[in-house]
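Structural overview
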Amino acid sequence: MARPKLIKERVPTPERPVEERIKSFVEVNLGYDFASAVKEAERCIQCPPEYAPCIKGCPVHINIPGFLKALRENADNPDEAVKNALRVIWNDNTLPAVTGRVCPQEEQCEAPCVMGKVGDPINIGKLERFVADYAREKGIDEELLGEFIAETDGKGKVAVVGAGPAGLTCALELAKMGYKVTIFEALHEAGGVLMYGIPEFRLPKDILKTELDKLEKLGVEVKTNYIVGKTVTVEELLQEYDAAFISTGAGTPKLLNIPGILLDRIYSANEFLTRVNLMKAYKFPEYDTPIAVGKKVIVIGAGNTAMDAARSALRLGAEVTIAYRRGREDMTARIEEIAHAEEEGVKFEFFLTPVEFIGDENGKVKAVKFMKMRPLEERDSRGKRKIEPTGEYVTLEADTVIIAIGLEPNKILVEASGFETNPDGTLVVDENLMTSIPGVFAGGDAIRGEATVILAMGDGKKAAKAIDEYIRSRRANA
Ligand SMILES: Cc1cc2nc3c(=O)[nH]c(=O)nc-3n(C[C@H](O)[C@H](O)[C@H](O)COP(=O)(O)OP(=O)(O)OC[C@H]3O[C@@H](n4cnc5c(N)ncnc54)[C@H](O)[C@@H]3O)c2cc1C
Ligand code: SF4
């Protein structure tokens, strides 16, 4: 039998033109339509699920060939095709509109895809996104949700602390098993970084909100404005709940301990992005949170947070430069985001470490002094080239600086409840993700430090299984 012809090139997804998108916060990538999604799905050679490397590369192990097959099997009936594909995805991942948009697929499912050996890997992320978007637009997700609603038959009650991707996933998985789940969230809206960190032009908030609506439909209660450790303690929660899951993330910005750090218009990326995304400062005065951005912005760092801050500042009318202490190939942001930032006109300066912020007579930042660095042959534990100072300096003008050099876990909850922690402030957990307090599990950035959405979701899913086993065995032994 003749082998089907391998189609090496992926079907592209359209994007909003640069001139148009830099004037607003509307989403940049426009995604597939049904015909192009089927065409792309047809490139998949359907590796058997027990072997398919894409499934292994996905931290929540979505049956990727399974959902691609469902899409193309009903090419003449789009609604049916999408419903079947979404069912396969939801078995492992209940937030596909989010992960399809923000996962670094090039390092996960798409990295080992066998089609990548002969051409482009299958565009798994965009296909996942297509299924979620089409289903939402046609109300297919509403229909399907019914299949996942479980009886809450007195199985048990679980408290989840923090409504980011780890907490949301844990809550959704437990709700699907029939547990009564309550999420306690410090901010006034659920979503964690998805809500306050990642901008609309990558993850539109109305799409996120529809994903969040699932919580209510699956019977999960969300209590916002609840800071666990202050409003209520973990000990108090354990009097009412059978178990708890801590997913408080890593929301405390690391700052630079150098002269001038307290000058006006030096922001942490967290403050900058929270103002822009959560408080919608880009719509000031329609929304009442202001944001002061000058004409020349320097963003320090080169992760996703730095790209988001830079592209947001650009949309607020500034000229933006990213300054990074290492080289281009060491940047940790998603490749797509780096490419978008470059297309939009963000400038990049490499091998620069800030040593001083210089202010004007009014206490506002006016320049940043950098030490020039040089790369070494040697690599660090993460495979990045080590760098060393050259002894030379350069000063770049800036009227606004945004620091995006990393995040660490917040200490409020940890200190209030006496959890055992690692030196970097992350919670110590065992192989079942149980913390040093029995019955209290943890996952996501709270145990990993700043990581990714899908790893946080993977932890949420793993913890849900462990919590189920914990509660069942306690009840069996009671
Ligand atoms: C700007 C930015 C862009 C990013 N872009 C990407 C990307 O493109 N792709 C990707 O994979 N990853 C990205 N990341 C990383 C990713 O967002 C995180 O790894 C992920 O959100 C971690 O999920 P989490 O649930 O552990 O924590 P979070 O999303 O941080 O959620 C924690 C939640 O807990 C709440 N909380 C904290 N303390 C308490 C308390 N004491 N009581 C109650 N609630 C509390 C917080 O308010 C928050 O809502 C980005 C991160 C940032 C900051
Ligand atoms: S590895 Fe690539 S080709 Fe193989 S099943 Fe996964 S998506 Fe399809």
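Let me begin by describing the structure that accompanies this report.

So, about a nonpolar patch on the surface. Among the surface-exposed residues, L6, I45 and V118 lie close enough to one another that they form a single nonpolar patch of about 240 Å² accessible area. Along the chain, I45 turns up in the loop between helix 2 (34-41) and helix 3 (53-57).

We now examine the sheet that holds strand 10 (residues 352-359). Strands sit in the order 10-11-12 across an open sheet of 3 strands; the sheet is antiparallel. Either end of the sheet is taken by a strand with one partner, and the two such strands are strand 10 and strand 12 (385-397). Between one strand and the next, the sheet's axes are offset by a mean angle of 15°, whatever the strand orientation. Relative to strand 12, strand 11 (residues 365-379) runs antiparallel, the two being bridged by 9 bridges. Across the sheet, residue R374 finds its bridge partner in strand 12, namely E388.

Read across the sheet, 5 strands follow the order 3-2-1-4-15 without closing on themselves; strand pairing throughout is parallel. Of all strands in the sheet, those with a lone pairing partner are strand 3 (221-223) and strand 15 (440-442), marking the two edges. Between one strand axis and the next, the sheet turns by 20° as a mean value, whatever way the strands run. Pairing between strand 2 (residues 180-184) and strand 3: 3 bridges, direction parallel. When the bridges of strand 3 are listed, T182 appears paired with E221. Taken strand by strand, helix 9 (residues 165-177) contacts strand 1 (157-161), strand 2 and strand 4 (243-246), and its axis lies near 165° from that of strand 2.

Let us look at helix 13 (residues 269-278). Burial within helix 13 is extensive, with 7 of its 10 residues counted as buried. Taken as a whole, helix 13 has its buried residues at A269, N270, F272, L273, V276, N277 and L278. Packing partners of the buried residues in helix 13 comprise helix 10 (193-196), strand 5 (252-253), strand 6 (266-268), helix 14 (304-315), strand 13 (400-403) and strand 14 (407-408). Immediately downstream of helix 13, the backbone of K280 shows phi near 55°, a positive value.

On to the environment of K23, then. Residue placement: K23 occurs in the loop between helix 1 (18-21) and helix 2. Overall, the relative accessible area of 67% leaves K23 in the exposed class. Sequence separation between K23 and P423 is 400 residues, and the spatial gap between their C-alpha atoms is 43 Å.

Once that is clear, we can look at unusual backbone geometry. Omega for the bond connecting F284 with P285 falls within 30 degrees of zero, at 5°, which places this linkage in the cis form. Along the chain, P285 falls in the loop between helix 13 and strand 7 (296-300). Unusually for a residue other than glycine, N225 sits at a positive phi of about 55°. For N225, the location among the structural elements is in the loop between strand 3 and helix 12 (234-240).

With that settled, consider the packing of aromatic side chains. The full count for this structure, using the stated rule, is 11 aromatic pairs. Both rings, one in F34 and one in F130, keep their centres 6.2 Å apart while their planes meet at 40°; by these two values the pair is tilted. Highlighted residues: F34 in helix 2 and F130 in helix 7 (residues 124-138), separated in sequence by 96 residues. Accessibility classification places F34 together with F130 in one group, the buried group. When the centroid spacing of 5.1 Å and the interplanar angle of 65° are considered together, the rings of F184 and Y226 count as edge-to-face. Here Y226 lies in the loop between strand 3 and helix 12 and F184 lies in strand 2, a separation of 42 residues in the sequence.

The rules behind these values
Residues numbered from 1 in each chain as written. Chains lettered and ligands numbered in written order. Predicted model: local features only at pLDDT ≥ 70, side-chain atom pairs only at ≥ 80, totals over all residues. Heavy atoms only, no water. Patch = residues over 30% accessible without salt bridge, like charges linked within 9 Å, V, L, I, M, F, W, Y side chains within 5 Å. Areas by Shrake-Rupley, 256 points an atom, 1.4 Å probe, with all protein chains shown as cover. Salt bridge = Lys/Arg side-chain N within 4 Å of Asp/Glu carboxyl O. Helix = DSSP H or I, 4+ residues; strand = E, 2+ residues; numbered from the N terminus. Pairing = 2+ DSSP bridges. Axes fitted to C-alpha atoms, helices over the stretch in contact; angles between N-to-C directions. Contact = heavy atoms within 4.5 Å. Buried < 20%, exposed > 50% of the residue type's maximum accessible area, 1.4 Å probe, protein only. Phe/Tyr/Trp six-rings, centres within 6.5 Å; stacked < 30°, edge-to-face > 60°.

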